[in-house]
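# A structural walkthrough
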Amino acid sequence: MLGIIAALLAIITSSSGQTAPSSCPGVPAPLYPYNTAPGWSSIKVADGLSGPRDLIFDNEKRLLVVEKFVGISQHTVDADGCFTSSRPLISNTGLNHGIVLSADGKTLYASSATSVFSYAYDQATGDVGPDETLIISGMNPEGHPTRTLIFPPHRADLLVVSHGSNGNLDLESMNSKVARAIVKVFNISSIPEGGYKYASDGWNAGYGLRNEVGLAFDGNNMLWGVENSADDLVRTVNGSTTDVHHTNPAEELNFIGDVTVPNNKWYGYPYCFTVWSPDVMTDRTFQVGDQFVQVPRANFTDDTCAKISVPPVLSFDAHTAPLDAKFDADFGNLFVTLHGSWDRQPPAGYKVVAVPFAQGRDGSYGPTAASWSSKGTIDVFYPPDEGLCSDTTCLRPVGLVFDAAGRLYVTSDGSGEVFLLSQNGTGQTSRT
């Protein structure tokens, strides 16, 4: 096993990249101690942001950051990756997560819990126009309020928008027309007057996806998503109920696929969940990645899930809350932020991990680990002991973006910090 881990670590440290300095001028020390994987280093590049969430670069290498309850801020960075200037760009306290630029860099899109807006963007000055245009409306503000936005690299006219459930178990979302726990696609080359209605317009890229916050396209322009699964689950068989929620269900890595055509496949939520810890499911034999229901019934059992729902390609530890996903330049790794748990003991997450990927003989991309593996990720940026983490003792990683040098920026909304991770620096080996 140690040999396998060493080989996987070699994969994520193989590419060369520009290293970062040991600190940035005027930026205080990190609030919490963190380790990096061998071949990686980290520095704190910003402090004092208001719940920083997703972030992107514009075509002039300015960094745009969504700040909760504020709007969007804009930052210039130097060759070392440190912030050199910052300013408010858009004042809209409803903007809470999603942000993306059009392929030509001239239009900025951002999301609130209910809507997607666009703004004219001047690449030369970094200024936005005075008008805020409604592109999509009618999303449900209850439950999971963040709406991730992404364009397929080969289709600048298609905007992909995710929408989580309205609560822990959103039974109505089993009907895809409700348009919750779903990912949808909208053609923005011809937007109707007043914008699209989320539930009735566009087409499905997959549903039964409880809260697919992190979205990323692979080298074949196929979409992948990371899903936050349910809380407080039990297993009831023959009238006997077992609390399984501390280590089940698993969070998920899902293959969503080609978004240029409708995908009406069901991914299991709100009835089918994924096993992370088989040992607590004592009524039958499971393995990691299997599907289960809370209460097997004559007409709907674990086996029903296996027949009609799309299972995850890989599983993550329960309640770790994956919130973003970004492929590196050669699509050899998918980097994922694990925001951290609240619904289990001991806590888990609070880190950035890499999922090693490879291209198969048929040209498709996929994780190198099997779907039943519990060792499919590698810690890249992580606390000394995640089992001791909380909101006030560890980072809460959210957004990821690579710069042109291959360095990885990471936001932490709980601490208001931004970090820069660089390969070929010094690091410490993960103990997981």
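The numbering scheme is per chain: residues are counted from 1 as the chain's sequence reads. Given that this is a predicted model, residues contribute local features only at a pLDDT of at least 70 and side-chain atom pairs are listed and counted only at 80 or more, while totals for whole chains, interfaces and linings are drawn from all residues. To obtain the side-chain values, all non-hydrogen atoms of the structure were included, while hydrogens and water were left out.

### Regarding the state of the cysteines
Under the convention used in this document: The disulfide criterion used throughout: a pair of cysteine sulfur atoms within 2.5 Å. By the criteria applied, helices consist of DSSP H or I runs no shorter than four residues and strands consist of E runs no shorter than two, each listed in order from the N terminus. The buried label applies to any residue whose accessible area, calculated with a 1.4 Å probe on protein chains only, is under 20% of its type's maximum; exposed applies above 50%, and partly exposed to all values in between.
Taken as a whole, this structure holds three disulfides when the rule is applied. The residue that forms a disulfide with C24 is C82, at a sulfur-sulfur distance of 2.0 Å. Where C24 bonds to C82 through sulfur, the torsion about that S-S bond is close to -80°, and the disulfide is left-handed. A residue pair is termed long-range when its members are at least 10 positions apart, and C24 in the loop between α1 (2-12) and β1 (35-36) and C82 in the loop between β5 (71-77) and β6 (83-91) qualify at 58 residues. You'll find C24 and C82 in the same group, each marked buried. Each sulfur in the disulfide pair C272 and C305 lies 2.0 Å from the other. Here the disulfide of C272 and C305 is left-handed, its torsion about the S-S bond being about -85°. Within this pair, whereas C272 is found in the loop between β20 (251-257) and β21 (273-274), its partner C305 is found in helix α2 (residues 302-308), the two being separated by 33 residues in sequence. Using a relative accessible area of 0% as the deciding quantity, one classes C305 as buried.

### Quick notes on the confidence of the model for the protein chain
Filter applied, for reference: Confidence scores labelled pLDDT are given residue by residue by the predictor and lie between 0 and 100. Contacts were defined at the residue level, with two residues in contact if any of their heavy atoms lie within 4.5 Å.
On average, the protein chain scores 94 in pLDDT, and the residues at 70 or more come to 94%. Predicted confidence is poor over residues 1-17, with pLDDT under 50, and the contacts of this stretch with residues over four places away or in other chains come to 26 contacts. Here residues 425-432 is a poorly scored stretch, pLDDT under 50, and it has 26 contacts once near neighbours within four places are set aside; other chains count.

### A few points about the pattern of salt bridges
What counts here: Salt bridges, as used here, are contacts in which a Lys or Arg side-chain nitrogen is within 4 Å of a carboxyl oxygen on Asp or Glu.
Counting across every chain of the model gives 19 salt bridges. The partner of D283 in a salt bridge is R235, with the nearest N and O atoms 2.8 Å apart. Here D283, found in the loop between β21 and β22 (291-292), pairs with R235, found in strand β18 (residues 234-237); they are 48 residues apart in sequence, far enough to count as distant. D283 gets classed as partly exposed once you look at its relative accessible area, which sits at 37%. Owing to a relative accessible area of 4%, R235 belongs among the buried residues under this scheme. A cluster of three or more residues bridged by salt bridges with shared partners is formed by R235, D283, R284, D302 and D303.

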